[in-house]
Amino acid sequence: MFAAGHLGELTRLVPFEMVDDVLALTGTVQRRVRLLPARVVVYLLLASCLFAELGYRQVWSRLTAGLPGLLPAPSGSALRQARQRLGPAPMRALFDVLRGPAVTTARQATRWRGLLLTVLDGTVLTVADSAANNGRYRKQRGNHGGSGYPQLRLSALLSCGTRSVLDAVFDPVSVGELDQARALARSLRPGMLLLADRYYAAAGLLATLTETGAHLLIRCKSGRHLPVVRRHRDGSWQSVIAGRPIRVIDAQIAITTTAGRRTSHYRLLTTLLDPAAHPAGELLTLYHQRWEIETAYLELKSSILAGRVLRSRTPDGIDQEVHALLIVYQILRTAMVDATDSRPGLDPDRASFSTALNTARDQIIHAAGVITGTIIDLVGTIGAHVLANLLPERRPRTKTRMIKRSNSKYQARGTTIDRRSYHATTSIDIISPDP
């Protein structure tokens, strides 16, 4: 009865013993062994995120494709009842076990001057339009009738470089990103440097984040009035926000490419007050890594979900599904880091998420790599495919992008890389405040 409970090669990262411990901790172990034991349902929920385009019965057929003749196929009703019996608690607990920074030797990609680089931002996911979901997750209002589906707001705290999930929260869209950021402050620690965009530069939130002991590097509006307390030789200056000292870096950043020259004004706030230990020019260059979380959300919503609506039709089901989605993203990222770590000096950014995702799907269908041999290979089949299909080194972001949606004659706002510009030069001029 337990044979269908696997995740292919990814089972090594979510082993049977871990799932059993989580089920025991949450009191959700089945009272009697039936066709769908609780452990099997956990793996079914995780596999359903890897096969987001398939229904649960089709996902079951993928889990058992490499195990012909062993198990009868459960009905759709049996699968639904098994998910309801399990509830959301085990998936929450399993996410808590697996979240955190990936272990890696690529310190140049994850740390700066000894500080772990982290990034915070939010996004919106669309959920199934059902009476139960509409009771918790509302539809967005708009000038043209609003959204057709209810939505939830997800905010995550990620580690830069590996894009590992340190923590995440999700709520109805009526809960703002600042409130979710306050909740995520529980996972900030001394020795971290948090990057965030200017939406998070609110005085009250800055005070909350600073109390965690983590350092901050947050953009703010250029027109915000801040008193000049002290000027530094590197052009940055010290000010005060909510009674706390803050260092301000004003700069003009110019990028020259074959398409021309673009100039933007940036203002950054940081709790790193010593300009000798933390030069302003390096901080301005470092802030670009804030875009790591945008790439992570793209992988989550486009690569895994392929733009689809979350399938669950109840709030408890949504709770299960979102945590399963975060778990799957985390273990894929862990497998990718294990692969890149096998080659000293290889940047984790070179690993292809799509390659890891598609290879993991194949391993589930073949029920391959579920049990490790006497010699443990951290790279495995997934890692071997990742290393064989490395991405080119990242090119700098140089201009605003317009994304065209399919089946629409209108353009939507977005960001992109100017593909005509394979080479770009950047100049940074730090602006000192007027006397």
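Owing to the predicted nature of the structure, the values given are computational and were not obtained by experimental measurement.

**Some points on the packing of aromatic side chains**
Turning to step 1, where the next piece is worked out: In total, this model carries four aromatic pairs according to the counting rule given.
Turning to step 2, where the next piece is worked out: Residues Phe-16 and Tyr-43 carry aromatic rings whose centres are separated by 6.0 Å and whose planes lie at 85° to one another, so their mutual orientation is edge-to-face. Pair noted here: Phe-16 is in helix H1 (residues 16-25) and Tyr-43 is in helix H2 (residues 38-50), with a separation of 27 residues, a long-range link.
Turning to step 3, where the next piece is worked out: The exposure class of Tyr-43 is buried, given its relative accessible area of 0%.
Turning to step 4, where the next piece is worked out: Taken together, a centroid distance of 5.4 Å and an interplanar angle of 35° make the contact between Tyr-329 and Phe-353 tilted. One end of the pair, Tyr-329, is in helix H12 (residues 315-341); the other, Phe-353, is in helix H13 (residues 353-365), and 24 residues separate them in sequence.
Turning to step 5, where the next piece is worked out: Exposure remark for Tyr-329: the relative accessible area of 3% places this residue in the buried category.
Turning to step 6, where the next piece is worked out: Above the ring of Tyr-56, the side-chain terminus of Arg-83 is found at 3.8 Å from the ring centroid.

**Some details on the side chain of Ser-164**
Turning to step 1, where the next piece is worked out: Locating Ser-164 in the fold gives a position in the loop between strand E3 (151-159) and strand E4 (165-172).
Turning to step 2, where the next piece is worked out: At a separation of 2.9 Å, a polar atom in the side chain of Ser-164 contacts the side chain of Thr-162.
Turning to step 3, where the next piece is worked out: If sequence neighbours within four positions are ignored, Ser-164 has contacts with Gly-100, Pro-101, Ala-102, Leu-157, Leu-158, Ser-159 and Gln-330.

**A closer look at the packing of H1 against H2**
Turning to step 1, where the next piece is worked out: Following both chains from N to C, one finds H1 and H2 inclined at 110°, their axes separated by 10 Å at the closest point. The orientation of H1 relative to H2 falls into the category roughly perpendicular. Viewed along their axes, H1 and H2 form a crossing whose handedness is right-handed. Side by side, H1 and H2 meet where Phe-16, Val-19, Asp-20 and Leu-23 of the first sit next to Ala-38, Arg-39, Val-42 and Tyr-43 of the second.
Turning to step 2, where the next piece is worked out: Along the lines of polarity and charge, the residues of the contact of H1 with H2 split into six nonpolar, no polar and two charged.

**Here's the deal with the confidence of the model for the protein chain**
Turning to step 1, where the next piece is worked out: Of all residues in the protein chain, 90% have pLDDT values of 70 or greater, and the mean over the chain is 90.
Turning to step 2, where the next piece is worked out: Taken together, the stretch residues 398-422 has pLDDT below 50 and engages in 45 contacts with residues farther than four places along the chain or on a different chain.

**Observations concerning the pattern of salt bridges**
Side chains that carry opposite charge are capable of pairing whenever their charged atoms lie near each other.
Turning to step 1, where the next piece is worked out: Per the counting criterion, the structure on display carries 18 salt bridges.
Turning to step 2, where the next piece is worked out: Salt-bridge contacts for Asp-319 lead to Arg-92; the nearest nitrogen and oxygen are separated by 2.9 Å. Here Arg-92 lies in helix H5 (residues 89-98) and Asp-319 lies in helix H12, a separation of 227 residues in the sequence.
Turning to step 3, where the next piece is worked out: For Arg-92, a relative accessible area of 37% puts it in the partly exposed group.
Turning to step 4, where the next piece is worked out: Put simply, Asp-234 and Arg-247 hold a salt bridge, and the shortest N to O gap is 2.8 Å. With a gap of 13 residues between them, Asp-234 in the loop between strand E7 (230-231) and strand E8 (237-241) and Arg-247 in strand E9 (residues 244-257) connect regions that are remote in the sequence.
Turning to step 5, where the next piece is worked out: Taken together, the shared-partner salt bridges in this structure form one network comprising Arg-163, Glu-292, Glu-299, Arg-333 and Asp-349.

**Some thoughts on the environment of Val-42**
Turning to step 1, where the next piece is worked out: Turning to its location among the elements, Val-42 is positioned in helix H2.
Turning to step 2, where the next piece is worked out: Under the relative-accessibility criterion, Val-42 is labelled buried at 2%.
Turning to step 3, where the next piece is worked out: Those residues in contact with Val-42 that sit more than four places away from it in its chain are Val-19, Leu-23, Leu-86, Met-91 and Leu-94.

**What about the environment of Gly-191?**
Turning to step 1, where the next piece is worked out: Relative to the elements of secondary structure, Gly-191 occurs in the loop between helix H8 (177-184) and strand E5 (192-196).
Turning to step 2, where the next piece is worked out: The spacing of Gly-191 and Leu-116 is 75 residues in sequence and 6.3 Å in space, taken between C-alpha atoms.

What counts, and at which threshold
Residues numbered from 1 in each chain as written. Predicted model: local features only at pLDDT ≥ 70, side-chain atom pairs only at ≥ 80, totals over all residues. Heavy atoms only, no water. Phe/Tyr/Trp six-rings, centres within 6.5 Å; stacked < 30°, edge-to-face > 60°. Helix = DSSP H or I, 4+ residues; strand = E, 2+ residues; numbered from the N terminus. Buried < 20%, exposed > 50% of the residue type's maximum accessible area, 1.4 Å probe, protein only. Lys NZ or Arg CZ within 6 Å of the ring centre and 35° of its normal. Polar contact = N/O pair within 3.5 Å; in protein donor to acceptor, adjacent residues only side chain to side chain. Contact = heavy atoms within 4.5 Å. Axes fitted to C-alpha atoms, helices over the stretch in contact; angles between N-to-C directions. Parallel < 35°, antiparallel > 145°, perpendicular 65-115°, else oblique. Left-handed = near helix turned anticlockwise from the far one by under 90°. Nonpolar A, V, L, I, M, F, W, Y, C, P; charged D, E, K, R; others polar. pLDDT = per-residue confidence, 0-100. Salt bridge = Lys/Arg side-chain N within 4 Å of Asp/Glu carboxyl O.

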